[in-house]
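These are the residues of each chain, in order.
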Amino acid sequence: MTMDAARSTVLTNIGMLVTNDPGAGAGPLGLIRDAAVVFDGGTVAWVGPSGTAPSADAGHDLGGRAVLPGFVESHAHLVFGGERAEEFAARMAGHPYAAGGIRTTIEATRSATDEELHANSRRLLAEALRSGSTTVECKTGYGQTVGHELRCTRIAASLTGEVTLLAAHVPPPEYDGRTDDYVTMVCAEMIDACASEAKWIDVFCERGAFDRDQAHAVLTAGMARGLIPRVHGNQLGQGPGVQLAVDLGAASVDHVCYTTQSDLDALAGSSTVATLLPAADFSTRNKYPDARALIDAGVTVALGADCNPGTSYTTSLPFCIALAVRDMHMTPDEAVWAATAGGARALRRDDVGVLRPGARADALALDAPSYLHLAYRPGVPLVTDVWRSGVLAYSAARPRP
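In this report, the structure presented in the accompanying data block is examined. Quick caveat: nothing in here was measured; it's all calculated off a predicted structure.

The next thing to look at is the packing of aromatic side chains. Applying the stated criterion across every chain, the model contains six aromatic pairs. Centroid distance F80 to Y142: 6.3 Å. Interplanar angle 80°. Geometry classified as edge-to-face. On the criterion of sequence distance, the pair formed by F80 in the loop between β6 (71–73) and α1 (85–92) and Y142 in the loop between β8 (138–139) and α4 (146–157) is long-range, its members being 62 residues apart. On the basis of relative accessibility, which here comes to 1%, the residue F80 falls in the buried class.

As structure tokens, this is what we get:
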């Protein structure tokens with residue numbers, strides 16, 4: 001059944017509740033056993049022990065299942081045409097990854113109709129919801145002309161309020177050997193055309209894409225139009241991306257697979273979140289980030305799925321949690337926090353990624369008694385119910401529309 005957000009709803013018989021509010025329960029995750037949550041008008045009205053839950057207009061008995069805040073996906077590329085399965089197969093056969101594969105998607109995206117791009121983006125957004133993602137950021141970056149980036153930005157804005165203009169993804173084919181000319185066009189024309197539809201400005205600061213000066217020019221041009229900076233950096237090797245992100249007060253720097261001690265020190269002394277994307281490293285056989293070093297240094301860490309057709313064709317944050325625990329040496333608690341509250345930090349949000357009074361009523365239930373099963377049972381579709389703004393947006397027991 002679908003529950004009206006205008007009515008109050010109480011979720012009872014929760015085996016273990018993750019609130020991410022240390023004041024509400026045990027440890028950094030604010031854990032409450034045998035818990036209940038009340039949603040009212042699209043927000044969380046109450047959390048606490050099941051036996052003291054106030055009454056509500058409707059009830060939902062969770063039968064001992066675990067409940068978490070909805071996942072916050074802070075890094076996704078959902079507006080694109082085509083796919084690159086053969087490129088993936090070539091990598092698995094031993095061919096190295098290089099950023100140039102993005103150009104294949106640029107061609108396919110330019111050739112796709114608006115209707116095709118809308119349909120594919122909605123499909124991926126629905127897929128993300130089924131795995132528990134209730135807040136999703138969406139980047140452009142596969143159009144690379146003013147007109148194509150504008151339509152991609154508008155499509156993204158029809159799906160989410162967290163739209164990132166990734167105008168500087170890679171230089172498009174028509175600008176071969178003229179990267180500075182492309183950067184000039186982005187700064188003088190593309191950002192002006194697209195800024196009203198976006199919230200964030202991003203750049204791929206990496207070999208094969210844009211150097212520090214070019215990335216700085218794009219980000220500061222976006223900031224001048226009111227956009228907030230984010231950076232793709234330090235994915236393929238040590239480079240200037242982390243330091244650039246910190247210098248400009250970026251909300252996040254994403255990938256962060258190769259870092260120096262000065263990078264760790266800079267991030268630890270800043271508000272910039274390190275968003276780690278283990279599914280991309282899984283898909284490219286790249287080096288995984290040293291999450292342990294980042295966390296131990298005091299850096300705020302988020303996890304994202306980085307859904308894109310070339311290097312991480314997954315929308316599953318549960319999969320990323322399992323990878324982070326197994327291959328990046330994060331504890332299950334750290335990984336769950338990074339996929340919820342950490343993602344919210346990367347989007348500078350305090351109303352999502354947490355279940356406390358006043359927060360948005362976004363939550364998910366697992367077919368398991370504990371959040372630990374997200375890493376303990378990798379690959380198993382554990383998400384049974386997802387609420388967004390107090391409405392049951394997905395239920396495994398309900399046929400898919």
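Glycine aside, a negative phi is what most residues show, and trans is what most peptide bonds show. With phi around 65°, Q144 is a residue other than glycine that occupies positive phi space. Residues other than glycine seldom take positive phi values, yet V256 does so here, at roughly 55°. With respect to the helices, strands and loops of the structure, V256 is situated in the loop between β13 (252–255) and α8 (261–268).

Attention now goes to the nonpolar core. L68, L267, L276, L294, L303 and L366 are the most contacted members of the largest nonpolar core, which totals 93 residues. With seven residues, the top contributor of residues to this core is helix α5 (residues 179–194). The contact partners of L68, leaving out residues within four places of it in the chain, are V18, V336, L355, D362, A363, L364, L366, Y371 and L374. Counting 19 residues, the second-largest nonpolar core is a separate cluster that includes I14, V47, L355 and A363.

Calculation criteria
- Residue numbers here run from 1 along each chain, matching the order of that chain's written sequence.
- In keeping with the model being predicted, local features are shown solely for residues with a pLDDT of at least 70 and side-chain atom pairs are shown and tallied solely at 80 or more, while totals for entire chains, interfaces and linings include all residues.
- Each side-chain value is worked out from all heavy atoms of the structure, with water and hydrogens disregarded.
- Working definition: rings of Phe, Tyr and Trp (its six-membered ring) pair if their centres are within 6.5 Å, and the pair is stacked with planes under 30 degrees apart, edge-to-face with planes over 60 apart, and tilted otherwise.
- Strands here mean DSSP runs of E at least two residues long; helices mean DSSP runs of H or I at least four residues long; both are numbered from the N terminus.
- When accessible area is computed with a 1.4 Å probe and restricted to protein chains, residues below 20% of their type maximum are described as buried, those above 50% as exposed, and intermediate ones as partly exposed.
- Buried residues of nine kinds, namely Ala, Val, Leu, Ile, Met, Phe, Trp, Tyr and Cys, make up a nonpolar core once their side-chain atoms join them within 4.5 Å.
- Throughout, a contact is declared for two residues whenever any of their heavy atoms are within 4.5 Å.

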